[in-house]
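# Structural overview for review
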Amino acid sequence: MVEQSEVRVVRCGGSKINLRPPIISTDSRFVLCASGDSVKVYSTRTEEWLHSLQGHTNQVTGITLNPANHLQVYSCSADGTVKLWDFIDGILIKTFIIGYPLFAIYVSEKHDGIVFLHIAMDTDSKNECFQLVAVHLPKSAEQEVEAKELSAVSSRISPNPSCTAFGREGQYIAFARHLQLNVYFFRKQKTYSFSLKATDKKGAKNAFTCIACHPADDCIATGHEDGKIRLWRNFIHTKEYTYSTQHWHHNAVNTVCFTPEGTNLLSGGIESVLVQWQYGAGNRKEFLPRLGGSILHVSTSSDGQLFCTSHSDNRDAVLTDLMIDPRSKALVLNGKPGHLQFYSLLRDKHLYNLDIVQQEYIYEAGLDQFEVVKAAFDIKGYWLATVEERGQKSSDLEFSLKLWAYDERTQSFVLNTTITAAHTDRIMSMCFSSSEETTMLVTTAEDGQFKAWCQGADADTQQDQNFWSCDFVGSYHNLKPTNCSFSADSSLLAVSFQEVITIWSPDTWELLTTLCQPPGVVRDLCFGQLSCSKYLIATTTRNLLCCWNLLTCALEWSTSVEVSKLQPDPLSENVAAFSYQSKHTDLFVFKPNEPRPLFTHKNVCSEKMHRAVFVPREEPLNNCDESSQWLNRSQLYFLTQNMDLLTFSTATEEDRMLSSSKRLVIDDSVAVTPFYLLLGKHRQQQQKLNTPSHPAADKPQQPQGSVTITELLHTPAHVLPAASVLCSMFVSSLLISNTGVRQDPLREMESSEQEMNSEKEEEHSEEEMEACDSQQELRAQGSVDEVTPKLSKAQERELKRVRKTDFSWMAGLIDSKP
Amino acid sequence: MGEFKVHRVRFFDYMPSGIRALAFNRDTERMAVARMDGSVEIFHCSDRFFQEKIIPGREQCGIEGLSWVGERLFSAGLNGGITEYDLTNQKVKYTIDAYGGPIWTITGNQQGTHLAVGCEDGTVKLFEVNEDKIQFERNLDRQKSRIVSLSWHPSGSKIAAGMMDMIQIFNVETGHSIHRMLADRGVGTSRSKECVVWSVVYLSDGTIVSGDSVGMVKLWDDQTGTLIKSHNVTKCDVLALSVSQNEDSLVAGTSEGTVVQFQFVSMVLGKDDNEWVRTRTFKNHTHDIRAVAEITTAVVSGGMDAQLVVKPLLDKIEVRSAASALRKIHFPHRRLVFCARKSGLMLFQYPGHLELWRLGESEGKGIPGSSLFVKRNPEKLLHLKVKGEDHIRCSAVSPCGEWIVYSTASSLRLYRLHCDNNNVSITKISKLPKVLSSANQLCFSSDSSHLFSASTQSSVHIVSLSQSGCKFVGTLKPKSGSHQAIHLLAASEDGEWLASANSDHEVHIYNLQTRKAHCTVPVYSSAVTAMGIHATTNCLFMMYADQQMCEYSIEQKQYTDWSRTVQRKGLHRLWMERDTPCLNVMFNPQNPSHVILHDTYMLCIIDQSLPLPDDKTQFYNQLTLKSLTEEQRKSHSHAFKVCKTFKDILCVELISDQSLVVVERPLEDVATQLPAPIKQKKFAT
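Residues numbered from 1 in each chain as written. Chains lettered and ligands numbered in written order. Predicted model: local features only at pLDDT ≥ 70, side-chain atom pairs only at ≥ 80, totals over all residues. Heavy atoms only, no water.

In the nomenclature of an unreviewed UniProt entry, chain B is known as U3 small nucleolar RNA-associated protein 4 homolog of Sinocyclocheilus rhinocerous.

An unreviewed UniProt entry lists chain A under the name WD repeat-containing protein 75-like, with Sinocyclocheilus rhinocerous as the source organism.

Here is the structure:
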């Protein structure tokens, strides 16, 4: 059990980032999103994920910037804590323990040291009764503080956190629930309530869905279920309050948000159109249509230049299996409606979407539209098979099977064949044959048949266009087939018909044998891999895990365990089985040839397992440790019902992940111009080239080059000499100088620095650190005046000489030339 | 409740005329409404918007503006004249030509000293208001284009005038223009069209609000003559503006049929930096809104669709009640249909003519609710055009169907009808007594032997009718000496009594035998909308505008016991919440305890022998009663039996063969005859 601590469950992204509105940092450089049990920080400029703020043990339910310090962020979580972070460096500053599950957090500038939290009134969250409480955060130097000073503000709180908002200068807080809007004034300690009628004449629903307060005026904007936006004014009177109504959205307004100046109001809904209303100009509005998904939240940066919309394409349910594209090693799953998304696991980044349905998606609630429900890759990643269907009821079910070929030229999949009536009923499962020579697709459907599809089998079709057509139709006693699987060498096909597993030969389409282990319908089916390919493993609904030896056609072993998901590793003999029992999921990894689990991990997560996949590693690890050996060749990723993508990681791996995340932090002190990027790349290359060969001799060149470059970059363009003059000098400055002797004093100093660096190198053995260091140097020397005391005398002298004339630094540059 | 054979009459093609102008008098709480046909109506705003007075119009008299000066009402129209009305006698007092071409607007200053009219020739003419007349004073600087709208500054020193493409501010003292503010034309194709400033409002803080044909409501500063703010309210025209008395709310009527409210609210609570903010939008009209008026607790609007809509402002109402509900007034609160009870003839009163119809006949009997086979179709007997330009003020047909009488503002004509089989002919009675020059209300006695004509000073002239002609019998004068015109007359079945109700809410009862005033019913605060004298008990049954009812025993000169019980117990909440007044009171001769009433939406029979409902009992209990057994019914039934089978009722009359005539004018039919409204894009069409 001690060893197990080494292998631990790691969240590696994928979880919803749209649960709560994202926030943009005050300087507009970062976007922060609550995602699973961490807060993700993205850069607005590069649009890359930078790092996560990890530390909560449950879903993060709210984030907000600390009004007292714009570099800090508060986050609250269902684990009952509020944490204060430095989000740039990703440091946890403080933890405040509240003790109740928290559901949203609000702060205002006026209330220093007080956060407002949503907590559930009753312990069971089924009864959706929420309370808004003000919590005084105690000022204490300790890391973990218990905050016990709770005072209730109101109990008429909607579970939807966007139904609460602070008003101008934090003087009041507005919150709505169902049909009632309440405004609580802190100074007067009085609540004003305004109700709407339940229904309009036309039966439209008036319930509140979101609230925003104007930053300068006393005006509250509310969004409603029927798509209306109301602007409330004069709400210190219970009678003489007034509101104006605007109507554009045809479905519920998901979000309203004022720009920081208050000149515009932004709203969004399922239509995936961002609407910008001019404040005070009636119904004058502008649209930003086709944003690609229904809008859930909108936030604005404090300078009003950036709007951040979060959409619901991070979908509620993944219908297809998780798959790995054999080419790009990307995780493939449902993306935008009707699309498959390719998602890079390494970088936690969405690569691209493949439009499967190829129909316009209409953003309207309650429409039945085509969805991709099944997808499969062949072993080389050359073919992709997809199934899309529409219609919840089987009577109006529409579906089609599509086969996509990979196009080398365009580097993407191209539609090859569309089969509209592949089966007469819903397709249950499909798989490609695993042999490399012939590709064959087998589909099983609820109509009691399984079909094999081959490419170009039809003689009528032309030679150069190889379409797919049906090769064989098989059935067994009119039973409904559920699962199908090819053995590792594609010599056998196993199809399960309820309680019976049939083994077929794909060459002759002959029923070889049947295996049966009643009672219990077969739920999952897979062949063993590599050395265990003679084994067939199946799970049944009656909590039985069976393993047959196909040579003897006899049951090798069976064990009673409730398995919800069975996943074989294609690169090893291992099979992972997830078992969901009494509100937590356990993982067993075993080899088919022995009934003893290789590895068990109790309580992987509390939710039910949804999908799992083994992802081959780019380079295998060489862990000798028995418990983590199974992770050497490939990594297990799994998706829970909450759409958290989890994986197992080992200790060595974690180190690597840590360093890779650091690499992504870009130095923001220097403007990221193309020029800079060019130079930066160049410099790094130079470092790589030079470091191993002659470390001592070349290093001195580095800082000098940086001084001139920074000077070049920091000198206004109009005082610079002509570019033609500069260019030759600039290029020569980048060349390796062999005049090390002349710059003796400077080199001494640099070499001492170099020693320091090498010490550091020993510690980290990573050359990225070096890059960091040199960047720090660069930064230090960019502002010469501040760091002067740190410089040696020799360097001071050098600097004086350099600063004598305007372009003396250039003279130095020329001097340094041979 | 009893069963009746019902003549469901739908051949009365009454078309209400569109509303052109509104003027609200805050002191008397009266709303003056001018219609397209030139008629002017006075509604009492605090008495459930009862239509107190109707001054019929004339041919070719398009009223464009109305203005109150004190308690005097002036109007001006495209015929170029300014008219003052005699409201006591409900007629035009005099008309003065302004000599400036058609007049587009008229407005009086708050001081009540001057009237300003805007004329087609570009002049603003000032008239001084004297004791009995108005006197032209002078012209302000003449402009090139017509003056469409005018508004006085509350101080009376400045006038803002809306014109084509611009707004001018005049100094009243000098008559010169102070500022000229240009209104922008629309963009695109409407660029070439001039922008008409349909309406201006001058606020006391120097802000001028304008509504124009581009669809903008603009706020201007009169000191600098600059635009402060503009609100795009509609794609079409903003036709009317009105500001509340304390200038914190403004309503704009558009040609889309919407009323848009602006409010002067503080942007930051507790501070005084108020701004005009667009708040609510009311859509109660299908057609152009030509006039709006913000009264104390409601917004009144009227337009081409001929309905007067009273939209209450809930934030200004202290207690919600039936009196403060949304109210739509489609039909006049006067009778336009008269029935010759004994001969089955119907007289329809149109503004310019009368129509006489004979009711159809049916055969057989049917189960309740079924329609009978029509044996003989109703037939139009007579189409009587009015001589002269004046419209009909009142008319009547005698119960026997032999006499028809109508009166305009200037003349009264009495006809005798000869009806032998299919030949219908009329003869005009030529020698009328001099007193019958004009009448406010006309009524025949039940035996058709006398004609009662309500005249000036609440007096009633009696004329006896005979084959040879008519003879003046005498005049009935009230003791109170009221000058208000009589709007209701009711004669008793036995020819003994005559009751008259005037606009002062007085009801006088005269003894026709002695031709003396018998007594006066105690004056109630609300106007009488309908009354009738019971045939057997000789009790006067009165309905009031606030839905109260009274029964007054003429012989005992006091309220009956039943009436006192009603007053003591109070009427049912649902009865009080009805928003149209009862327009006729009839008595069922077969069951003397039955009183038949109707308003626009329902027909009601009050059984005076049954207990009154209180607020807890089910008011509309017909369906419940049907499902109960005979014995249970007794305990559940109450005095009010309401029939809602008929809608948009103009008149219900009980004729002598125990059948009811219900004259309906479905609002859908009215809507189809209206001009097409402005086409608007609707979502998902």
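Let us keep going from here.
### Details of the overall build of chain B
Counting secondary structure elements, chain B contains five helices and 57 strands. The C-alpha radius of gyration computed for chain B amounts to 27 Å, which stays within 12% of the reference 26 Å derived for 685 residues, consistent with globular compactness. Counting only C-alpha atoms and orienting by the principal axes, one finds that chain B spans roughly 75 × 60 × 50 Å. Buried residues in chain B amount to 60% of all 685 residues. Contacts spanning at least 24 positions in sequence make up 48% of the contacts within chain B whose residues lie at least 6 apart. Accessible surface, chain B: about 28600 Å² in total, of which carbon and sulfur atoms supply 49%. (Helix = DSSP H or I, 4+ residues; strand = E, 2+ residues; numbered from the N terminus. Rg over C-alpha atoms; globule rule 2.2 N^0.38 Å. Buried < 20%, exposed > 50% of the residue type's maximum accessible area, 1.4 Å probe, protein only. Contact = heavy atoms within 4.5 Å. Areas by Shrake-Rupley, 256 points an atom, 1.4 Å probe, with all protein chains shown as cover.)

### A word on the interface of chain B and chain A
Each partner contributes residues to the interface: chain B has 19 residues there, and chain A has 19 residues. Approximately 1700 Å² of surface area, both sides summed, lies buried where chain B meets chain A, with 51% of it carried by carbon and sulfur atoms. For chain B, the biggest contributors to the area lost against chain A are B:Met267, B:Leu269 and B:Asp315; these three give 35% of the whole. Scanning the region where chain B abuts chain A turns up zero salt bridges. Put simply, the parts of the chain that give the side of chain B that touches chain A at least two residues each are strand E21 (226–232), strand E24 (258–266) and strand E25 (274–283) of chain B. The element that contributes the greatest number of residues to the side of chain B that touches chain A is E25(B), accounting for four residues. Broken down by class, the residue content of the side of chain B that touches chain A amounts to eight nonpolar, six polar and five charged. (Buried area = accessible area lost by both parts, 1.4 Å probe. Salt bridge = Lys/Arg side-chain N within 4 Å of Asp/Glu carboxyl O. Nonpolar A, V, L, I, M, F, W, Y, C, P; charged D, E, K, R; others polar.)

### Overview of the confidence of the model for chain A
Residue and element names in this part refer to chain A. Here chain A shows a mean pLDDT of 74. Residues at 70 or above account for 72%. Of all the helices and strands in chain A, helix H3 (residues 695–698) carries the lowest mean pLDDT, 40, while strand E20 (residues 220–224) carries the highest, 90. Low pLDDT (under 50) marks residues 661–670, which in the prediction has 14 contacts with non-local residues, meaning those over four places away or in another chain. Here residues 740–788 scores under 50 on pLDDT; set against residues more than four positions off or in separate chains, the count is 45 contacts. (pLDDT = per-residue confidence, 0-100.)

### Quick word on the packing of aromatic side chains
By convention here, two paired aromatic rings are described through the distance between centres and the angle between planes. A full pass over the atoms with the stated rule returns 49 aromatic pairs over all chains. An angle of 65° between the planes, with centres 5.3 Å apart, marks the rings of A:Tyr172 and A:Phe235 as edge-to-face. In this pair, A:Tyr172 sits in strand E16 (residues 172–177) while A:Phe235 sits in the loop between strand E21 (228–233) and strand E22 (242–247), placing the two residues 63 residues apart along the sequence. An angle of 75° between the planes, with centres 5.1 Å apart, marks the rings of B:Phe12 and B:Tyr350 as edge-to-face. Residue B:Phe12 is found in the loop between strand E1 (5–9) and strand E2 (19–25), and its partner B:Tyr350 is found in the loop between strand E31 (345–349) and strand E32 (353–358); the two are separated by 338 residues along the sequence. B:Tyr350 carries the same exposure label as B:Phe12, and that label is buried. When the ring centre of A:Phe185 is taken as origin, the NZ or CZ atom of A:Lys188, which lies over that ring, is 5.1 Å away. Positioned above the aromatic ring of B:Tyr94, the side-chain terminus of B:Lys133 is 5.2 Å from the ring centre. (Phe/Tyr/Trp six-rings, centres within 6.5 Å; stacked < 30°, edge-to-face > 60°. Lys NZ or Arg CZ within 6 Å of the ring centre and 35° of its normal.)

### Description of the pairing of strand E52 (residues 584–587) of chain B
Residue and element names in this part refer to chain B. Burial of the side chains of E52 extends over both faces: Asn584 and Met586 are buried on one face and Val585 and Phe587 on the other. Where E52 lies against strand E53 (residues 594–598), four bridges are found, and the strand directions are antiparallel. The residue bridging Val585 from the neighbouring strand is Leu597, located in E53. Hairpin connection, E52 to E53: the antiparallel pair is bridged by six residues. (Pairing = 2+ DSSP bridges.)

### Re the sheet that holds strand E46 (residues 507–511) of chain B
Residues and elements named next belong to chain B. The four strands are arranged E44-E45-E46-E47 in an open sheet whose pairing can be described as antiparallel. Where the open sheet ends on each side, the last strands, each with one partner, are strand E44 (486–491) and strand E47 (516–521). Going across the sheet, the axis of each strand differs from the next one's by a mean of 25°, ignoring polarity. Bridge analysis of strand E45 (residues 497–502) against E46 gives five bridges, and the strand direction is antiparallel. In the sheet register, Ser500 faces E46, and the bridge partner there is His508. (Axes fitted to C-alpha atoms, helices over the stretch in contact; angles between N-to-C directions.)

### A few points about the domain arrangement of chain A
All names here are of chain A. Each assigned domain of chain A is listed with its residue range as follows: domain 1 (17–157) and domain 2 (161–313). A straight line from the C-alpha centre of domain 1 to that of domain 2 covers 23 Å. Inspection of the domain 1/domain 2 interface yields one residue pair in polar contact (both at pLDDT 80 or more). Elements that contribute at least two residues to the side of domain 1 that touches domain 2 include exactly strand E2 (23–24), strand E10 (102–106), strand E11 (114–120) and strand E14 (150–157). For the side of domain 1 that touches domain 2, the leading source of residues is E14, giving five residues. (Domains from an automatic or database assignment. Polar contact = N/O pair within 3.5 Å; in protein donor to acceptor, adjacent residues only side chain to side chain.)

### Remarks on the state of the cysteines
Across all of its chains, the model carries zero disulfides over all chains by this definition. With no disulfide of its own, A:Cys526 lies closest to A:Cys547 among cysteine sulfurs, the gap being 9.0 Å. Not engaged in a disulfide, the cysteine B:Cys195 finds its nearest cysteine sulfur in B:Cys236; these two sulfurs lie 14 Å apart. Overall, the relative accessible area of 1% leaves B:Cys195 in the buried class. (Disulfide = S-S within 2.5 Å.)

### Some remarks on the sheet that holds strand E47 (residues 544–549) of chain A
Residue and element names in this part refer to chain A. Here we have four strands laid out as an open sheet, ordered E45-E46-E47-E48, and antiparallel in their pairing. Both edges of this open sheet fall to strand E45 (522–527) and strand E48 (554–559), since each of them pairs with a single strand only. Averaged over all pairs of adjacent strands, the angle between their axes in this sheet comes to 20°, without regard to strand direction. Pairing of E47 with E48, which is carried by five bridges, proceeds in the antiparallel orientation. Residue pairing in the sheet places Asn549 in a bridge with Ala554 of E48.

### Some remarks on the pattern of salt bridges
Applying the stated rule across the entire model yields 32 salt bridges over all chains. Salt-bridge contacts for A:Glu389 lead to A:Arg426; the nearest nitrogen and oxygen are separated by 2.9 Å. Separated by 37 residues along the polypeptide, A:Glu389 in strand E34 (residues 383–390) and A:Arg426 in the loop between strand E36 (412–419) and strand E37 (427–432) bring together distant segments of the chain. Close ionic contact of B:Arg185 with B:Asp165 constitutes a salt bridge, the shortest N to O distance being 2.7 Å. Of the two residues, B:Arg185 is situated in the loop between strand E17 (177–182) and strand E18 (197–202) and B:Asp165 in the loop between strand E15 (158–163) and strand E16 (166–171); the sequence distance between them amounts to 20 residues.

### Remarks on the nonpolar core
Residue and element names in this part refer to chain B. Counting 22 residues, the largest nonpolar core has Phe541, Met543, Met549, Trp575, Leu597, Ile606 and Phe640 as the members making the most contacts within it. Elements with a contribution of two residues or more to this core: strand E49 (539–544), helix H1 (561–569), helix H2 (573–576), E52, E53, strand E54 (603–607) and strand E55 (640–643). In this structure Phe541 touches Ala530, Met531, Gly532, Met549, Cys550, Glu551, Trp562, Val585, Phe587, Val595, Leu597 and Gln608, once residues within four positions along its chain are discounted. (Core = buried A, V, L, I, M, F, W, Y, C linked by side-chain atoms within 4.5 Å.)

### Observations regarding the UniProt feature "repeat: WD" (unreviewed entry) in chain A
Residues and elements named next belong to chain A. The sites that UniProt annotates as "repeat: WD" (unreviewed entry) are residues 53–95, 201–232 and 420–453. Helix makes up 0% of residues 53–95 and strand 58%, with an end-to-end C-alpha separation of 13 Å. Segment residues 420–453 splits into 0% helix and 47% strand. End C-alpha atoms: 14 Å apart. (UniProt positions renumbered as here; feature names shortened; annotations may be inferred.)

### Re the environment of B:Gly495
Residues and elements named next belong to chain B. Structurally, Gly495 is set in the loop between E44 and E45. For Gly495, a relative accessible area of 24% puts it in the partly exposed group. Sequence separation of Gly495 and Asp447 is 48 residues, and the distance between their C-alpha atoms is 7.5 Å.

### A short note on H1(B)
Residues lying three or four places apart along an α-helix face the same way, a consequence of the helix completing one turn every 3.6 residues. Residues and elements named next belong to chain B. Burial in H1 covers these residues: Trp562, Ser563 and Val566. End-on view of H1: buried residues confined to an arc of 100°, all on one side of the axis. Opposite the buried face of H1, at more than 90 degrees from it, the exposed residues are Asp561 and Arg568. Looking at the buried positions of H1, the neighbouring elements they touch are E49, strand E50 (549–553), strand E51 (558–559) and E54. (Arc of directions from axis to C-beta.)

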